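Descriptive structure summary
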Amino acid sequence: MTKTMATSSIKTIPIIAIPNFAICHKLELLKEEGERRDLKRQEGGDEEGLSYEFREMLDSLPKERGWRTRYLYLFQGFWCQSKEIQAIISFQKHFQPLQNDVVIATIPKSGTTWLKALTFTLLNRYRFDPVSSTNTDHPLLTSNPHDLVPFFEYKLYANGGVPDLSGLASPRTFATHIPFGSLKGSIEKPGVKVVYLCRNPFDTFISSWHYINSIKSESVSPVSLDEGFDLYCRGVIGFGPFWEHMLGYWRESLKRPEKVLFLRYEDLKEDIESNLKRLASFLGVPFTDEEERKGVVKAISDLCSFKNLKKLEVNKSSKSIKNFENRHLFRKGEVSDWVNYLSPSQAERLLALVDDKLGGTGLTFRYS
Ligand code: A3P
């Protein structure tokens, strides 16, 4: 009897267990689906269009609280949002470099918009004269720089798409936040040039914190300054850690100065004209004496200045990157605004971190 009971109870376990397991599994799946829907709501649709396989891959990556989306994932050694990873994979698979391509690279909030404006105006100065005061049809007057120089990851390869680049005029000019280690395989062709703009980490952090809190969807809770600062110091920021991003391009610029030009935001603020000349020479289109006499260098600097760009209607009222308003791209445009935000102990922590990570590399900053 005991034996029969035992046998029958053994038998019943799987009979009951199978449907229970199936129900539990189904409930688990429904819960996951619900969580995904919540996530999608929180991310303002950032999870839309991701395949099951891609989500599985995401689930296998280390993740941390995101700034603008629910999570940042550690992908190829840097922190990134899900949609950016999707675009980067497509870019790495499909992008074919051409000999004269120019790639502008930055970590976000280092002055990307400014460098795009300068590079576009410089390279297209024979088509669009920056000097003529009657020139009201210069593209920069009616288009945001992000529409003139597209990002690989936000525009061209967004949603994992494959763009048709055949109609682009030479030199094709692109932009990216991808760290050098993940970019290099896609740009290894003689003649492809990279311009990196670096900004001191103190101002970059404050600029990022302001920007992200201005553009994030209301359903994502704001990142407090203290929380954001801690994430930043731990390297958890889009395309960070910031020190690795900067060092990747810095080292390459030392190794191959003909391939990578390393510029600093603070230097551009201090002396835009000589940096513009450096940029022109690096890109193989130096200013002639006659151009200098005619005031072309100054005209480009003025056209691309913070004051000028900020006041243009297109930069006050339109949207260029994803669905974010252009006006948030032009905040203060100053060096050392961080002193208005960071406490002495925060400043000390960041300085020690910069010292630890960048000390001895030759990469130094001006903070004021
Ligand atoms: P602040 O937030 O400190 O004002 P990015 O273009 O990489 O998003 O960087 C944005 C930062 O560059 C912002 O810094 C913004 O104000 C500043 N900026 C935008 N256009 C500029 C320009 N023409 N000259 C100088 N700074 C500019």
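To start, this report covers the structure provided alongside it. (Residues numbered from 1 in each chain as written. Predicted model: local features only at pLDDT ≥ 70, side-chain atom pairs only at ≥ 80, totals over all residues. Heavy atoms only, no water.)

Digging into the overall build of the protein
Along its length, the protein carries 18 helices and 7 strands. Evaluated residue by residue, the protein yields a buried proportion of 51% over its 368 residues. The contacts of the protein with a sequence gap of at least 6 include a subset with a gap of at least 24, amounting to 73%. Summed over its atoms, the accessible surface of the protein is roughly 18000 Å², and 54% of this surface lies on carbon and sulfur atoms. (Helix = DSSP H or I, 4+ residues; strand = E, 2+ residues; numbered from the N terminus. Buried < 20%, exposed > 50% of the residue type's maximum accessible area, 1.4 Å probe, protein only. Contact = heavy atoms within 4.5 Å. Areas by Shrake-Rupley, 256 points an atom, 1.4 Å probe, with all protein chains shown as cover.)

Focus: the nonpolar core
Judged by nonpolar contacts, the single largest core of 106 residues is most densely connected at Trp67, Leu279 and Leu350. Once residues lying within four places of it in the same chain are set aside, the contact partners of Trp67 are Leu72, Phe205, Trp209, Ile212, Val220, Val223, Gly228, Leu231, Tyr232, Val236 and Ile237. (Core = buried A, V, L, I, M, F, W, Y, C linked by side-chain atoms within 4.5 Å.)

Description of the site of the ligand
Taken together, 18 residues lie near the ligand, and Lys109, Thr112, Thr113, Ser207 and Lys332 sit nearest. One of the side-chain N or O atoms of Ser207 is found 2.6 Å from an oxygen atom in the ligand. Taking Lys332, its main chain carries an N or O atom lying 2.6 Å from an oxygen atom of the ligand. The protein chains hide 97% of the 570 Å² of surface that the ligand would expose on its own. Here the shell around the ligand gets 3 residues from one element, more than from any other, and that element is helix 4 (residues 112-123). Among the residues forming the shell around the ligand, the class breakdown is 7 nonpolar, 7 polar and 4 charged. (Near = heavy atom within 4 Å. Polar contact = N/O pair within 3.5 Å; in protein donor to acceptor, adjacent residues only side chain to side chain. Nonpolar A, V, L, I, M, F, W, Y, C, P; charged D, E, K, R; others polar.)

Considerations on the packing of aromatic side chains
Any aromatic ring pair is given by two values, namely how distant the centres are and how the planes are angled relative to each other. Scanning the model with the defined rule gives 27 aromatic pairs in all. With a centroid separation of 6.3 Å and an interplanar angle of 20°, the aromatic rings of Phe120 and Phe128 are classed as stacked. On the basis of relative accessibility, which here comes to 11%, the residue Phe120 falls in the buried class. Centre to centre, the rings of Trp250 and Phe262 are 4.9 Å apart; their planes meet at 75°, and the pair counts as edge-to-face. One end of the pair, Trp250, is in helix 11 (residues 242-255); the other, Phe262, is in strand 7 (residues 260-264), and 12 residues separate them in sequence. Judged by relative accessible area, which is 11%, Trp250 ranks as buried. By relative accessible area, Phe262 is classed as buried at 7%. Among the aromatic residues, those joined into a ring-pair cluster are Trp67, Phe205, Phe229, Tyr232, Phe242 and Trp243. One Lys or Arg, Lys63, reaches over the ring of Tyr71 and ends 4.6 Å from the middle of that ring. Above the plane of the ring of Phe151 lies Lys116, whose end atom (NZ or CZ) is 3.5 Å from the centre. (Phe/Tyr/Trp six-rings, centres within 6.5 Å; stacked < 30°, edge-to-face > 60°. Lys NZ or Arg CZ within 6 Å of the ring centre and 35° of its normal.)

Let's talk about the pattern of salt bridges
Going through the model one piece at a time under the given rule, you end up with 17 salt bridges. Taking the shortest distance from any N to any O, the salt bridge between Arg366 and Glu270 comes out at 3.5 Å. A residue pair is termed long-range when its members are at least 10 positions apart, and Arg366 in the segment after helix 18 (344-358) and Glu270 in helix 12 (residues 265-270) qualify at 96 residues. The class for Arg366 is partly exposed, based on a relative accessible area of 31%. A residue is classified by how much of its surface remains accessible, and Glu270, at 60% relative accessible area, is exposed. In the salt-bridge network here, residues are joined through shared partners; they are Glu64, Asp230, Arg234 and Arg349. (Salt bridge = Lys/Arg side-chain N within 4 Å of Asp/Glu carboxyl O.)

Treat this as a map of the structure, not an account of what it does.
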